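Structural overview
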Amino acid sequence: MRIPRKATPSIAVRAVGLVLTAALAGCSGSGGKSSEDSSGSGGHGAKGASTPRMKIAMVTHSGEGDTFWDIVRSGAEHAAAKDNVEFLYSADKEGKEQAQLVQAAIDQKVDGIVVTLAKPEAVEAVVAKAVKAGIPVVTINSGAQFSARVGAIGHIGQDEKVAGEAVGEELDRRGRKKAVCVIHEQGNVSLEERCAGVRKTFGGSVENLSIQGTDMPASTSSIEAKLQADRNIDAIVTLGAPFAAAAVKAKEGSGSGAEIDTFDLNAEVVGRLKAEEVGFAVDQQPYLQGYLAVDELWLDRTNGNVIGGGKPVLTGPAIVTAADVPQLEKYTARGTR
């Protein structure tokens, strides 16, 4: 597993491993959970904290069936069980609806909010409203550059430009010359940053391809058509684990020899790495994003701590390949990587 020098995780991320063990026992994952409340009461072998009960809401931009967010949620639930936290989860891929969910959390008078800023223009105002109401906010995953502006106490995730740059460098190492960067959600600033990072460091050419991420057959067809139209394409970079499978299918349908590479991990991607259907994946450790976000709000409330000294806490990127599969298989099987 290779972690680019510029994106080495902070001490806070490495240190969390000391407290993860108790929360991991017996956990499992399932693809595409519905957006429903979870008590965070545990059942994972963790002994709960004796601190006063808290209520924390997480509101993400997840689309239906996106297994990435199952892993984020798993980390958050395990931290909630440890921290004596009632955990509420909700999600909507549309910015306006996500903002309404944040407002609902405010109305419930939660003790903290974890939120993504994939579409900052839609949610900035309501997040700032939460902060003004005295509710501490931690941002995760996307929109790190907007986190301080809305008054969040911290941001947890990977630097998307650095992650994209790492992909461009890896494509060069693999001798690729022409890549397509597949954007599955229009208006998502993090996805655009990833493709920009690839373009910055890749010695070959990069073209963005927008697909309808909520329609997997249509996404497959769009990628297949692109491969059929340009036989010089030798790399497809998808920006989310579920779309790697669509790209593999499109490659088979088009007869292309392009390598499929992807951002993010799930059990299926690890299986495709093992089968050499995917060349490499970029792991941003979503479990840590959920776990640390809940922990940060709990530590802020109970001990006045700030993780990362007010700076973004990096959870990635790390480039993983077939060589990392033996270690990764046991973690993805239980839904924590």
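Residues numbered from 1 in each chain as written. Predicted model: local features only at pLDDT ≥ 70, side-chain atom pairs only at ≥ 80, totals over all residues. Heavy atoms only, no water.

Okay, the nonpolar core next. One broad rule of soluble globular proteins: the nonpolar side chains tend to lie buried together. Among the nonpolar cores identified, the biggest contains 28 residues, and Ile56, Met58, Phe87, Val114, Ile140, Ile156 and Val294 are the most heavily contacted of them. For this core, the elements supplying multiple residues, two or more each, are β1 (54-60), α3 (67-83), β2 (85-91), β4 (137-140) and α12 (286-303). Here this core gets 8 residues from one element, more than from any other, and that element is α12. With sequence-adjacent residues up to four places away left out, Val294 is seen in contact with Ile56, Ala76, Ala79, Ala80, Asp83 and Phe87. (Core = buried A, V, L, I, M, F, W, Y, C linked by side-chain atoms within 4.5 Å. Buried < 20%, exposed > 50% of the residue type's maximum accessible area, 1.4 Å probe, protein only. Helix = DSSP H or I, 4+ residues; strand = E, 2+ residues; numbered from the N terminus. Contact = heavy atoms within 4.5 Å.)

The strand order across the open sheet formed by 6 strands is β7-β6-β8-β9-β10-β12, and the pairing between neighbours is mixed. For this open sheet the edge positions go to β7 (205-210) and β12 (318-320), each flanked by a neighbour on one side alone. Strand after strand, the sheet turns through a mean of 25° between neighbouring axes, direction not considered. Sheet topology note: the strand β6 (residues 178-183)/strand β8 (residues 235-238) ladder contains 4 bridges and is parallel. When the bridges of β8 are listed, Cys181 appears paired with Val237. (Pairing = 2+ DSSP bridges. Axes fitted to C-alpha atoms, helices over the stretch in contact; angles between N-to-C directions.)

It is worth spelling out the pattern of salt bridges at this point. Within the structure shown, the criterion is met by 19 salt bridges. With a shortest N-O distance of 3.0 Å, Lys82 and Asp295 are connected by a salt bridge. Here Lys82 is found in helix α3, whereas its partner Asp295 is found in helix α12, with 213 residues between them in sequence. Neither Lys82 nor Asp295 differs from the other in exposure class; each is buried. One salt bridge in this structure joins Glu165 and Lys200, with 3.4 Å as the shortest N-O distance. In this pair, Glu165 is assigned in helix α7 (residues 160-173) and Lys200 in helix α8 (residues 189-201), connecting sequence segments 35 residues apart. Connected through shared salt-bridge partners, Glu170, Arg173, Arg174, Arg176 and Glu259 make up one network. (Salt bridge = Lys/Arg side-chain N within 4 Å of Asp/Glu carboxyl O.)

This part covers the pairing of β2. A large share of β2 lies buried, amounting to 6 of its 7 residues. Both β1 and β2 contribute to a ladder of 7 bridges, which runs parallel. Along β2, the bridge assignment pairs Ile56 with Phe87. One crossover worth recording links β1 to the parallel β2 by way of α3, and it is right-handed. (Right-handed = clockwise from strand over helix to strand, strands pointing away.)

Attention shifts here to helix α11 (residues 267-274). All of the buried residues in α11 are Val269, Val270, Arg272 and Leu273. Looking straight down α11, one finds that the buried residues subtend no more than 160° of arc, so they occupy a single side. Buried residues belonging to α11 abut α10 (241-254), β9 (259-263), β10 (281-283), β12 and α13 (325-333). Backbone geometry just after α11 places Glu276 at a positive phi near 60°. (Arc of directions from axis to C-beta.)

None of this, on its own, says anything about what the molecule does.
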